[in-house]
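# Chains, contacts and geometry: an overview
Each chain, letter by letter, is given below.
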Amino acid sequence: MAISKNYTPSEIEDKWYAAWIEAGAFRSVPDHRPAYTITIPPPNVTGILHMGHILNNTIQDVLIRRKRMEGYNACWVPGTDHASIATEAKVVRMLAEQGIRKSDLTREEFLRHSFEWKETYGGIILRQLRKLGASCDWERTHFTMDEEYSRAVIECFCELYRQGLIYRGKRMVNWDPQAQTAVSDEEVIHRETQGFLYHIRYAIEGAPGEYVVIATTRPETLLGDTAVAIHPEDPRYTHLHGRRALVPLAGRSVPIILDAYVDREFGTGCLKVTPAHDMNDAEIGLRHGLEVVDMMTDEGRVSEAGGAYAGLDRFEARKQIVRDLEAQGLLERQEPYTHSVGYSERTNAVIEPRRSLQWFLKMQDLSRPALDAVNSGEVNLIPGRFLSTYRHWLEHVRDWCLSRQLWWGHRIPAYYIAGTGQYVVAPDAASALEAARELTGNPDLQASSLEQDPDVLDTWASSWLWPVQVFQGITRPGNPDFSYYYPTSDLVTAPEILFFWVARMIIAGYHFTGKKPFTNVYLTGIVRDDQRRKMSKQLGNSPDPLDLIAKHGADGVRVGMLLASPAGNDLLYKESLIEQGRNFANKLWNAYRLVGGWQGADREPGELELLAADWMRARLAQAAQELEDLFGKFRIADAVMAVYKLTWDDFCSWFLEMIKPAGGQPLSAATLEAVTSLFEGVLELLHPFMPFVTEEIWQGLREREAGVFLTCGPMRTHGAPDTACLEDMALIQETVTALRALRSEKGLGLKDALPLSVITETPDLFRRYLPVLQKLAGIGGLEFVQSQPARSAGVRVRTSECFLPAGELADAEEERSKLLKEIEYTEGFLRSVLGKLENERFVSSAPAQVVENERRKRADAEAKLDLLRRSLAALG
């Protein structure tokens, strides 16, 4: 067969992906087979492929392809998330470039622009995933603002409201002044920021000249102070119990309260309490019934409550307040201070904790089934070290702020009745009007009297339904797809959204269906550069994955990423990893070229051919068994390394070298068939990791029926490995390696066949595998001896000793010098081991395995010394 000399990924990847799609290889519909289901963590509709996506989606594809080949009805559901804040920011920026401001548009006009943007750019990342080889069922692609999906989101909101779990109220949120919306904790990026710690004097009311000093990083918020807090056991301030202080510049009299939250070691041990602008202060305010003064507007400016500072930007107000404090002698000092500051992930604005009127979901009771599911093992977190984090979050869960002050997203289904201060929650305007008429007792109430809440739902409040609603489990709970595919099997995602998405999906699954949404959660690590920095466009340390695929091939990128990515551990990216994957694909291709050039003849297989084929079958069965175990434990990095070694070391470096005919002679037809079949077995195990090159080689190894693909399986079974064959061959491999090293060390070359003398307890093993030793170690005849032959060089392999004639080929004096040095080194090593074993404290206290290892080292060193001394004596 004509096989190109070089493996060129670009020539085969698009070809095979198109063929798989045309054949419906990834399509899944319910049938008699067991289902295996994965739903993709929906990337933002604004997204483009990055290295984290490469890792995450490669793992998903490996899992889904392997299950498909094992005979499961494997279904991988793709889709995208509408990403409220990110998408709205993109559309606002696009409109600004056209000279259009959002404020100049109606909501309907803005949404029209948003959907147009989504249609143009929203599917980019899904198209890019095809270049990676993602075997999704693309006919099942979902978007979280599709009509039916949106209906499910609204129905769930209404159901939760009817159950008394959703309420509207003023509470603390993370506020993005630039986007002018509340954001979730997950969308707040905390950075170490250089600022100042300001020490400010608060006068004690009714005590001229007496004051208390308070340290703060945000002096502008003193305009909203409603108390000063001290620790009840702090002896420095017992004289202030029950007294009041005056807020600088504002002149407001506030109580001095006692609260154990106060950190006596921070600053001066006194805390200014601003309930409207600090999460912890809000809790203190609730405990003590403090007044709440909101001193900031939605835009991040000082509100009318700030008096003379009203209208100033918050940071300008900070500067002015510091100047005024200094002028009035109230600023004791300021000092440089590095502290953690929250920034909006979407706009990069400094987050402002503030009290805001929002919609909230009560989480405490709702979360219990999700906590119980993971505690009981009904849902498994992999690796298990994330269990404590998960438990902590759910045991200390807070109510969820559901609302966002945006236009792009699922609009909250609450309708306010003009002039009444009342509202109704309903899935649509018609239902809302009916409910409003009933609530008000006014059957003539008109739709014009209703105004829908302008806010939209937090994006997570739609994506928490993802594994349920992609199978229409909310809108059509009895449908065949939902009954067959749900609960799904495995989820592959990142640890940083373990609470924000994973836990909430588990909560939603149990609450709305009574079932878990998935069985296993595989948590990947974060892809970082070699300085351990998270990859980002801002740092310029992230390569373009499509450039890597174009340069090294998708299979090379996949394997390179997987080799260094144990579950939950961060991957330190270097392009050398990808090069390793590419080189592996080249190695496989060269093996294909070698086998493809062989011919078969009508003769009986030779002894070496039979030995090699028997061993490779056993090795393939062993690897298949090992992979099954590793996949069961989600040790994906170990699995790819196991099949890497099987392919590179065992199949290419040992088996093909053993079987390779000399001088272009043909193999027996039976042996050529065995080689082809064994190669196919290796390709099957490799395929989930390297789908493109394996499909190309598999198709080329023999004639296939039209439309038959490796990717569709089935993967053959190999049965139990022949352990005796594997053990025997392992000894022969060690012997070959040792003899090659010996010949290299002694300058004996590999071209000339040399007789081998062996002292061994297993002569039959050496006789049986002599053809392997002859082919790979350059051995001629074989004899068994009781002592080392004269003028020979020896090596010990386990309990056997192998000798080659040194004769005139080695310089005796040089050899004697080498042996003396090696004897000296080994004697020193043996003394160090004996020192441990003769130490009673070590033997009695060290673990039994450690002691046994040292005893083994002693035995090996003693045997080696014996051989070295005999080799020295044999030199004469």
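See the structure shown above.
Owing to the predicted nature of the structure, the values given are computational and were not obtained by experimental measurement.

## Observations regarding the overall build of the protein chain
- Counting its secondary structure elements, the protein chain contains 28 helices and 31 strands.
- For 876 residues, the compact-globule formula gives about 29 Å, and the C-alpha radius of gyration of the protein chain, at 36 Å, lies well above that figure.
- Judged by the C-alpha coordinates and their principal axes, the protein chain covers about 110 × 70 × 50 Å.
- Looking at the protein chain as a whole, 53% of its 876 residues are labelled buried.
- The long-range share in the protein chain, meaning contacts at least 24 apart out of those at least 6 apart in sequence, stands at 78%.
- On the protein chain, roughly 38,800 Å² of surface is accessible, and the fraction owed to carbon and sulfur atoms is 49%.
- Each charge class in the protein chain can be summarised by its mean position, and for the 99 positive and 120 negative side chains these summaries are 2 Å apart.

## Here's the deal with the sheet that holds strand 29 (residues 779-784)
- Read from one edge of the open sheet, four strands run 29-28-31-30, paired in mixed fashion. Each edge of the open sheet carries a strand with a single partner, namely strand 29 and strand 30 (792-797). Each adjacent strand pair in this sheet contributes to an overall mean axis angle of 25°, direction not counted.
- Helix 23 (residues 723-746) rests against strand 28 (754-759), strand 29, strand 30 and strand 31 (800-805) of the sheet, and its axis sits at about 145° to strand 30.
- Contacting strand 28 and strand 29, helix 25 (residues 770-777) crosses the sheet at an angle of about 135° to strand 29.

## Comments concerning the state of the cysteines
- Under the counting rule described, the total for this entry stands at zero disulfides.
- The closest cysteine sulfur to the non-disulfide-bonded Cys 156 is located on Cys 158, 9.3 Å from its own sulfur.
- With no disulfide of its own, Cys 725 has Cys 652 as its nearest cysteine by sulfur position, at a separation of 19 Å.

## Quick look at the packing of helix 20 (residues 636-659) against helix 21 (residues 669-686)
- Put simply, helix 20 and helix 21 touch, their axes get as near as 10 Å, and they point 170° apart. Taken together, the axes of helix 20 and helix 21 lie roughly antiparallel to each other. Here Val 643, Leu 646, Thr 647, Phe 651, Phe 655, Leu 656 and Ile 659 of helix 20 lie close against helix 21, whose contacting residues are Thr 671, Val 675, Leu 678, Phe 679, Val 682, Leu 685 and Leu 686.
- Among the residues making up the contact of helix 20 with helix 21, the classes are represented as 12 nonpolar, two polar and no charged.

## Observations concerning the packing of aromatic side chains
- In the structure shown here, the tally under the stated rule is 33 aromatic pairs.
- Their ring planes at 65° and their centres at 6.2 Å tell us that Phe 266 and Tyr 337 sit as a pair that is edge-to-face. Of this pair, Phe 266 sits in the loop between strand 11 (253-258) and strand 12 (270-273) while Tyr 337 sits in strand 13 (residues 331-344), placing them 71 residues apart in sequence.
- On the basis of an interplanar angle of 65° and a centroid distance of 5.7 Å, the ring pair of Tyr 416 and Tyr 423 is categorised as edge-to-face.
- The class of Tyr 423 is partly exposed, set by a relative accessible area of 25%.
- Taking NZ or CZ as reference, Arg 171 lies 5.4 Å from the ring centre of Phe 360, over its face.
- Over the ring of Trp 175 we find Arg 354, and its NZ or CZ is 5.0 Å from the ring centre.

## A few points about the nonpolar core
- Leu 361, Trp 464, Met 561, Phe 655, Phe 679 and Phe 689 are the most contacted members of the largest nonpolar core, which has 191 residues in total.
- In terms of residue count, the dominant contributor to this core is helix 20 (14 residues).
- When near neighbours in sequence (up to four residues on either side) are disregarded, Phe 689 contacts Val 62, Asp 555, Arg 558, Val 559, Leu 562, Phe 631, Ile 636, Ala 639, Val 640 and Val 643.
- The next biggest cluster of nonpolar side chains, apart from the first, holds 28 residues, and it includes Leu 240, Met 296, Ile 321 and Leu 325.

## Notes on empty space enclosed by the protein
- A complete count under the given rule lists one cavity of 30 Å³ or more for this structure.
- By volume, the largest cavity is sized at about 70 Å³.
- Lining the largest cavity are Val 153, Cys 156, Phe 157, Leu 160, Ile 166, Leu 361, Leu 402, Leu 457, Ala 461, Trp 464 and Leu 465.
- Per element, the largest residue contribution to the lining of the largest cavity is four residues, and it comes from helix 6 (residues 147-162).
- A breakdown of the residues in the lining of the largest cavity according to their chemical character gives 11 nonpolar, no polar and no charged.

## Structural notes on the side chain of Arg 619
- In this fold, Arg 619 is placed in helix 19 (residues 607-632).
- What makes Arg 619 buried here is its relative accessible area of 12%.
- If we skip the residues at most four places from it in the chain, Arg 619 touches Leu 646, Asp 650 and Leu 726.

## Considerations on helix 4 (residues 107-121)
- With 15 residues, helix 4 ought to run about 21 Å at 1.5 Å a step, and its terminal C-alpha atoms sit 21 Å apart, in line with that.
- Burial in helix 4 covers these residues: Arg 107, Phe 110, His 113, Ser 114, Trp 117 and Lys 118. All buried residues of helix 4 fall inside an arc of 140° around its axis, so they share one side. Within helix 4, the exposed residues directed more than 90 degrees away from the buried face are Glu 108 and Glu 119.
- Of the surrounding elements, those touching the buried residues of helix 4 are helix 3 (84-97), strand 4 (142-143) and strand 21 (456-457).

## Notes on unusual backbone geometry
- The omega torsion of the bond from Ile 382 to Pro 383 falls at 0°, within 30 degrees of zero and hence cis.
- Here Pro 383 lies in the loop between strand 15 (380-382) and helix 10 (387-395).
- Cis peptide bonds are those with omega within 30 degrees of zero, and the linkage from Tyr 486 to Pro 487 qualifies with 0°.
- In this fold, Pro 487 is placed in the loop between helix 14 (480-485) and strand 22 (490-493).

## What to know about helix 6
- Here helix 6 contains 16 residues, and its C-alpha end-to-end distance of 23 Å stays within 8% of the 22 Å for a straight helix at 1.5 Å per residue.
- All of the buried residues along helix 6 are Tyr 149, Ser 150, Ala 152, Val 153, Ile 154, Cys 156, Phe 157, Cys 158 and Leu 160.

## A short note on the packing of helix 19 against helix 25
- Direction vectors running N to C along helix 19 and helix 25 enclose 95°, while the axes themselves pass 9 Å from each other. For the element pair helix 19 / helix 25, the angle class is roughly perpendicular. On helix 25, the residues that touch Glu 607, Leu 608 and Leu 611 of helix 19 are Pro 771, Val 772 and Lys 775.

## A word on the sheet that holds strand 18 (residues 414-417)
- The antiparallel open sheet is built from three strands, whose spatial order is 19-18-20. In this open sheet, the two strands that pair with only one neighbour each are strand 19 (422-425) and strand 20 (450-452). Ignoring strand direction, the axes of neighbouring strands in this sheet form an average angle of 30°.
- In terms of strand pairing, strand 18 meets strand 19 through four bridges, oriented antiparallel. What sits directly across from Ala 414, in strand 19, is Val 425.

## Some points on the environment of Gly 713
- Note on placement: Gly 713 falls in the loop between helix 22 (691-701) and helix 23.
- For Gly 713, a relative accessible area of 25% corresponds to the partly exposed category.
- Along the primary structure Gly 713 and Arg 65 are separated by 648 residues, whereas in three dimensions their C-alpha atoms are 9.0 Å apart.

## Considerations on the environment of Lys 102
- Mapped onto the elements, Lys 102 comes out in the loop between helix 3 and helix 4.
- For the pair formed by Lys 102 and Phe 829, sequence separation is 727 residues and the distance between their alpha carbons is 78 Å.
- Excluding its chain neighbours within four sequence positions, the residues that come into contact with Lys 102 are Glu 88, Val 92, Phe 110 and Trp 407.

## Points about the pattern of salt bridges
- All told, the structure shown has 54 salt bridges when counted by the stated rule.
- Measuring nitrogen to oxygen at the nearest pair gives 2.6 Å for the salt bridge that ties Arg 798 to Glu 734. One end of the pair, Arg 798, is in the loop between strand 30 and strand 31; the other, Glu 734, is in helix 23, with 64 residues separating them in the sequence.
- Note on Arg 798: relative accessible area 45%, which makes it partly exposed.
- Across the pair Arg 796 and Glu 801 runs a salt bridge whose closest N-O atoms are separated by 3.1 Å.
- What makes Arg 796 partly exposed here is its relative accessible area of 32%.

The rules behind these values
- Residues numbered from 1 in each chain as written.
- Predicted model: local features only at pLDDT ≥ 70, side-chain atom pairs only at ≥ 80, totals over all residues.
- Heavy atoms only, no water.
- Helix = DSSP H or I, 4+ residues; strand = E, 2+ residues; numbered from the N terminus.
- Rg over C-alpha atoms; globule rule 2.2 N^0.38 Å.
- Buried < 20%, exposed > 50% of the residue type's maximum accessible area, 1.4 Å probe, protein only.
- Contact = heavy atoms within 4.5 Å.
- Areas by Shrake-Rupley, 256 points an atom, 1.4 Å probe, with all protein chains shown as cover.
- Lys, Arg positive; Asp, Glu negative; His and termini not counted.
- Charge placed at Lys NZ, Arg CZ, Asp CG, Glu CD.
- Pairing = 2+ DSSP bridges.
- Axes fitted to C-alpha atoms, helices over the stretch in contact; angles between N-to-C directions.
- Disulfide = S-S within 2.5 Å.
- Parallel < 35°, antiparallel > 145°, perpendicular 65-115°, else oblique.
- Nonpolar A, V, L, I, M, F, W, Y, C, P; charged D, E, K, R; others polar.
- Phe/Tyr/Trp six-rings, centres within 6.5 Å; stacked < 30°, edge-to-face > 60°.
- Lys NZ or Arg CZ within 6 Å of the ring centre and 35° of its normal.
- Core = buried A, V, L, I, M, F, W, Y, C linked by side-chain atoms within 4.5 Å.
- 1 Å grid on protein atoms, 1.4 Å probe; cavity = no way out; pocket = protein on both sides within 12 Å on 5 of 7 lines; lining within 4 Å.
- Points joined across faces, edges and corners; volume = space filled by probe spheres on them.
- Expected span 1.5 Å × (residues − 1).
- Arc of directions from axis to C-beta.
- Salt bridge = Lys/Arg side-chain N within 4 Å of Asp/Glu carboxyl O.

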